[in-house]
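Listed here are the chains, written in short residue letters.
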Amino acid sequence: MPVTAALDGTPIAHDDVGPRDAPAILMIQGLGADRRGWVLQQAYFARRYRVITFDNRGAGRSGKPNGPYDLEVMATDALCVLDACGVATAHVMGASMGGVIAQVLGVRHASRVSSLVLSCTGCHHLDWRRELLADWRDVALEKGMGALASRALRWLVGPRNRRRLMLPAQLFGSALMNVPPHAFAAQVDAILSMPDDVRWELSSVDVPALVIVGTQDILTPLGDSEEIVERIPAAELHVVHGAAHAVMAEAPRAFNAAVASFLDRVPVPSERRSLPDVQLPSAGA
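Attention in this report is confined to the structure presented alongside it. Being a predicted model, the structure only gives us computed values, none of them experimental.

### Some thoughts on unusual backbone geometry
Residue Pro-68 is bonded to the preceding Gly-67 through a cis peptide linkage, with omega at 5°. Here Pro-68 lies in the loop between strand S4 (50-54) and helix H2 (71-84). A positive phi angle, near 45°, is found at Cys-120, a position not held by glycine. Relative to the helices and strands, Cys-120 is located in the loop between strand S6 (113-119) and helix H4 (127-143).

### Let's talk about helix H10 (residues 222-231)
For H10, the full list of buried residues reads Asp-224, Ser-225, Glu-227 and Ile-228. The arc enclosing the buried residues of H10, seen along the axis, measures out at 155°, which places them on a common side. Buried residues along H10 sit against helix H3 (97-108), S6, H4, helix H9 (197-201), strand S7 (209-214) and strand S8 (235-240).

### Some points on helix H8 (residues 181-193)
In this model, H8 (13 residues) spans 18 Å end to end at C-alpha, consistent with the 18 Å of a helix rising 1.5 Å per residue. Burial in H8 covers these residues: Ala-183, Phe-184, Ala-185, Ala-186, Gln-187, Val-188, Ala-190, Ile-191 and Leu-192.

### Digging into the packing of aromatic side chains
Counted according to the given criterion, the structure contains two aromatic pairs. Consider the rings of Tyr-44 and Phe-45, whose centres lie 4.9 Å apart with planes at 85°: the pair is edge-to-face. Here Phe-45 falls in the buried class, since its relative accessible area comes to 0%. An aromatic cluster of at least three residues, connected via ring pairs, comprises Tyr-44, Phe-45 and Tyr-49.

### Here's the deal with empty space enclosed by the protein
Per the counting criterion, the structure on display carries one cavity of 30 Å³ or more. Put simply, the largest cavity is a space of about 580 Å³. When contributions to the lining of the largest cavity are tallied by element, the ones reaching two or more residues are H3, H4, helix H5 (145-156), helix H7 (167-177), H8 and H9.

### Examining the sheet that holds strand S2 (residues 11-17)
A sheet is described by the order of its strands in space; here eight strands give the open sequence S1-S2-S4-S3-S5-S6-S7-S8, paired in mixed fashion. Sheet topology places strand S1 (3-5) and S8 at the edges, where each strand pairs with a single neighbour. For this sheet, the mean angle separating the axes of adjacent strands, direction not counted, is 25°. Taken together, the six bridges between strand S5 (residues 90-95) and S6 define a ladder with parallel strand orientation.

### Concerning the packing of H4 against H8
At a closest axis distance of 9 Å, the pairing of H4 and H8 adopts a crossing angle of 165°. What the angle tells us is that H4 and H8 run roughly antiparallel. Every pair of crossing elements has a handedness; the one defined by H4 and H8 is left-handed. Each of Arg-130, Leu-133, Ala-134, Trp-136, Arg-137, Ala-140 and Leu-141 in H4 lies in contact with H8, whose residues at this interface are Pro-181, His-182, Phe-184, Ala-185, Val-188, Asp-189, Ile-191 and Leu-192. The class makeup of the residues in the contact of H4 with H8 is eleven nonpolar, one polar and three charged.

### Side note on the nonpolar core
In a soluble, globular protein the nonpolar side chains are often hidden away together inside. Leu-26, Leu-105, Leu-116, Trp-136 and Phe-184 are the most contacted members of the largest nonpolar core, which has 63 residues in total. Residues within four places of Trp-136 in sequence aside, it is in contact with Leu-31, Leu-148, Arg-151, Ala-152, Trp-155, Leu-156, Phe-184 and Leu-219. Among the nonpolar cores identified, the runner-up in size contains 25 residues, and Met-93, Ala-95, Val-240 and Phe-255 belong to it.

### As for the pairing of S8
In summary, the side chains of a regular strand alternate between the two faces of the sheet. In the sheet, S7 pairs with S8 via six bridges, with the strands oriented parallel. Note on S8: the bridge partner recorded for Gly-214 is Val-240. Regarding topology, H10 serves as the crossover connection from S7 to the parallel S8, and that connection is right-handed.

Calculation notes
- The residue numbers shown here count from 1 along each chain, following its written sequence.
- Restriction of local features to residues with pLDDT of at least 70 applies here, the model being predicted, together with a cutoff of 80 or more for giving and counting side-chain atom pairs; totals for whole chains, interfaces and linings are based on all residues.
- Side-chain numbers come from the whole structure's heavy atoms, not from hydrogens or water.
- Working definition: helices are DSSP H or I runs of at least four residues, strands are E runs of at least two. Numbering for both runs from the N terminus.
- Exposure classes here rest on a 1.4 Å probe applied to the protein chains alone. A residue is buried below 20% of its type maximum, exposed above 50%, and partly exposed in between.
- Our arc is simply the arc of the directions from the helix axis toward the C-beta atoms.
- Contact between two residues is taken to exist if any of their heavy atoms lie within 4.5 Å; hydrogens are not considered.
- For a helix, the expected span equals 1.5 Å multiplied by the number of residues minus one.
- Aromatic contacts are taken between Phe, Tyr and Trp rings whose centres are within 6.5 Å, Trp giving its six-membered ring; a plane angle under 30 degrees counts as stacked, one over 60 as edge-to-face, and the others as tilted.
- In this analysis, the protein atoms alone were mapped onto a 1 Å grid. Cavities are point sets where a 1.4 Å probe fits without being able to get out; pockets are open sets with protein on both sides within 12 Å along at least five of seven lines; lining residues have an atom within 4 Å of a point.
- Grid points are joined across faces, edges and corners, and a volume is the space filled by probe spheres set on the points.
- A pair of strands is treated as paired once DSSP finds two or more bridges between them.
- Every axis in this analysis is a line fitted to C-alpha atoms, fitted for helices over the stretch in contact. Angles between the N-to-C directions lie between 0 and 180 degrees.
- Angle categories: roughly parallel below 35 degrees, roughly antiparallel above 145, roughly perpendicular from 65 to 115, and oblique for all the rest.
- Each crossing is labelled by how the near helix is turned from the far one, with a counterclockwise turn of less than a right angle marking it left-handed and a clockwise turn marking it right-handed.
- Following the grouping adopted for this structure description, the nonpolar residues are Ala, Val, Leu, Ile, Met, Phe, Trp, Tyr, Cys and Pro, the charged ones are Asp, Glu, Lys and Arg, and the polar ones are all others, Gly among them.
- Among the buried residues, those of types Ala, Val, Leu, Ile, Met, Phe, Trp, Tyr and Cys that are joined through side-chain atoms within 4.5 Å form a nonpolar core.
- The crossover handedness rule: strands pointing away from the viewer, path from first strand over the helix to second strand clockwise, crossover right-handed.

Here you go:
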């Protein structure tokens, strides 16, 4: 597995699959999650795209330095991965915290971004969400990641899929268990310390954007996505019925189809063909 150094020397682990001459998609995961959260998207899109996934600092096989972390710095970590892969521009897909990092890239590093896919994310702080994340940080530090995973699961996976499907819970629960408490806390603090400046600059984003949210998402509900769509000039909203915060794992067929349709409409230098119909594991509708 390739590892590249961030600007401060932190090792960032990444994967690079798919045709090397195809348009690139950079996928950025959220709080406590690692690149395995994109497994159902990586397998699907690598048929026609060069798919680059990586572990944010503090997660997976990337370095887990002591804090503080900063989402602006984590955006430059993503650029270091692109540089290491020799990719000048990419479609950037971010989920949750990764969606905020993707917004930072779209605003601060526009020349590297072909389009944005922003999933289950928001663009500014809400008091109740700040309190919730601070509670998660404290639980992780005081009681460990097992206690945190049990507490957070209902916010990440919808009730229907918690009962019927194990894959979303396994993906996100196992990812959290592999994150040391100090690194999880540092990621939370990076989210909480992120100013709302990027929110006011989203109007400067001049690439197409797709904003995806599940109807059962209670962590970043529909209103968050609607606000992003209002602020990015060329943004469109796609709502996935029956899915919660882990929409890409709970409803992979619906998620992948929406993204594929969107990317087919993004202008690219070379002619591209439609993705073939494929069978996915029975992890979602």
